[in-house]
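# Residue-level structural notes
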There are 2 protein chains.
Amino acid sequence: MSALLRRLIDDLRCLPGVGPKSAQRMAYQLLERDRDGGRRLAATLAEAMTGIGHCRRCRDYSENELCAICLGGNRDQQLLCIVESPIDLAAIEQATGYRGNYFVMHGRLSAIDGRGPRELGLDLLANRLLEEGVQELIIATNATVEGEATAHYLAELARSADVRATRLAHGVPLGGELEFVDRGTLALAFGSRQSL
Amino acid sequence: MSALLRRLIDDLRCLPGVGPKSAQRMAYQLLERDRDGGRRLAATLAEAMTGIGHCRRCRDYSENELCAICLGGNRDQQLLCIVESPIDLAAIEQATGYRGNYFVMHGRLSAIDGRGPRELGLDLLANRLLEEGVQELIIATNATVEGEATAHYLAELARSADVRATRLAHGVPLGGELEFVDRGTLALAFGSRQSL
Ligand SMILES: [Zn+2]
Ligand SMILES: [Zn+2]
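Rules and cut-offs
Residues numbered from 1 in each chain as written. Chains lettered and ligands numbered in written order. Predicted model: local features only at pLDDT ≥ 70, side-chain atom pairs only at ≥ 80, totals over all residues. Heavy atoms only, no water. UniProt positions renumbered as here; feature names shortened; annotations may be inferred. Pairing = 2+ DSSP bridges. Helix = DSSP H or I, 4+ residues; strand = E, 2+ residues; numbered from the N terminus. Axes fitted to C-alpha atoms, helices over the stretch in contact; angles between N-to-C directions. Donors = N, O, S within 2.8 Å, 3.2 Å for Na, K, Ca; no water. Tetrahedral: all angles 85-135°; square planar, octahedral: opposite > 155°, others 65-115°. Left-handed = near helix turned anticlockwise from the far one by under 90°. Contact = heavy atoms within 4.5 Å. Nonpolar A, V, L, I, M, F, W, Y, C, P; charged D, E, K, R; others polar. Salt bridge = Lys/Arg side-chain N within 4 Å of Asp/Glu carboxyl O. Buried < 20%, exposed > 50% of the residue type's maximum accessible area, 1.4 Å probe, protein only.

Chain A appears in an unreviewed UniProt entry as Recombination protein RecR from Pseudofulvimonas gallinarii. The record in UniProt for chain A states the following under Function (unreviewed entry): "May play a role in DNA repair. It seems to be involved in an RecBC-independent recombinational process of DNA repair. It may act with RecF and RecO." Under the Sequence similarities (unreviewed entry) heading, UniProt states for chain A: "Belongs to the RecR family."

See the structure below:
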């Protein structure tokens, strides 16, 4: 096999979920059927890896100093939703009608990994809570042990800035069969049962 | 979402088997965890899409005029294996101990798609059969209707050059359960049964 082709197959494996077999299939298919698409992807990838940084205000990915949401001015400035990662922000934008602002931590508090409030930009967040007239901090960290610990810290931070803190509800996923929901979730959902 | 990030997600979909969800996951994961890997992939992809052509002799992918197999000189020059696509060549190299040469058609005969012998480079093949002292043409086209028709044509071509033509054996795949093997294969395998 061509050395360059072998290198392409190896390098494609930096993509998540791409093993040796699918990397090989991708390389051959691009060469055989879509060289233009491959060239376009190469150019966009190079541009994105270097050009996409973090919005100065919310820390979401942005190729400009301020992202479209922060620049837009049509968001409810009283609502601020804090997430662990940009992909969580994208999921909330795609799934909900939320029209407030965001803050992205790019991680969660973790003593083991040496990530404290400063690494997550929480000094910047504290300033926003004090200066922007935020009324509610919606804490949308993951429902993991570290995510819950981070949520607890953020709730304290909000309280000290006199901002209401809320947390996404736990419960049975839509379409979820009780049989397959984990016990902790089931217990929480049972405890938070609502009248019909 | 950043316009550049959205373009990256769109462009990643030129990869086979990558839908909107996995393209999004790929883009975010590269940005968050492996920008160096992404930059390396971009550079290799650009180089490969432009630099990889066809070996002048066997028509396999090669960034040089002659591929490593054709240049090597340690192959059995009496054996020539003909395949539809470079990925079939790679599969044979990886799975078998074959030490002869190859010829890649980059397709199969198809009246509907306007692919005749010339489009598949079979004039080049005919020259090789006459000039290189080939003793056996191993026809490794796919076991599809068009692949079989192409094999038939190639067998005629070999006969007219006084070269023996062989075809890969049909049969039950290793580990294949008879129950799930298609009828045609089962009939062929039954007809070609061998004594133990
Ligand atoms: Zn922003
Ligand atoms: Zn070659």
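Before going further, it helps to spend a moment on the sheet that holds strand β5 (residues 136-140) of chain A. In sheet architecture, strand pairing relies on hydrogen bonds along the backbone and comes in two forms, parallel and antiparallel. All names here are of chain A. In space, the 4 strands of this open sheet follow the order β4-β3-β5-β6, with parallel pairing throughout. Since the sheet does not close on itself, it has two edges, and those belong to β4 (100-104) and β6 (164-167), each with one partner. Within the sheet, the average angular offset between the axes of one strand and its neighbour, ignoring direction, is 25°. With 5 bridges connecting them, strand β3 (residues 76-83) and β4 associate as parallel partners. Across the sheet, the residue bridging to valine 83 is valine 104, located in β4.

With that out of the way, let us pick up the coordination of the zinc ion (ligand 1). Residues and elements named next belong to chain A. Around the zinc ion (ligand 1), the protein contributes the donor atoms Cys55 (SG), Cys58 (SG), Cys67 (SG) and Cys70 (SG), which lie 2.3 Å from the metal centre. Around the zinc ion (ligand 1) sit 4 donor atoms; with metal-centred angles ranging over 104 to 117°, the donor geometry is tetrahedral. Along the chain, the residues donating to the zinc ion (ligand 1) fall in the pattern C-x2-C-x8-C-x2-C. Residue cysteine 55 is located in the loop between β1 (53-54) and β2 (61-62), and its partner cysteine 67 is located in the loop between β2 and α4 (68-72); the two are separated by 12 residues in the primary sequence.

All right, on to the packing of helix α6 (residues 122-131) of chain B against helix α7 (residues 145-160) of chain B then. All names here are of chain B. Contact geometry of α6 with α7 gives a least axis separation of 10 Å together with a crossing angle of 35°. Considering how the two elements wind past one another, α6 and α7 form a crossing that is right-handed. Here α6 contributes Leu122, Leu125 and Leu129 to the contact with α7, which in turn contributes Tyr153, Leu154, Leu157 and Ala158. Its residues assigned to classes, the contact of α6 with α7 comprises 7 nonpolar, no polar and no charged.

All names here are of chain B. A full pass over the atoms with the stated rule returns 26 salt bridges over all chains. The partner of arginine 115 in a salt bridge is aspartate 113, with the nearest N and O atoms 3.7 Å apart. Owing to a relative accessible area of 25%, arginine 115 belongs among the partly exposed residues under this scheme. Here arginine 159 and glutamate 156 are joined by a salt bridge, their closest N and O atoms 3.4 Å apart. Taken together, the positions of arginine 159 and glutamate 156, both in helix α7 and 3 residues apart, correspond to about one turn of that helix.

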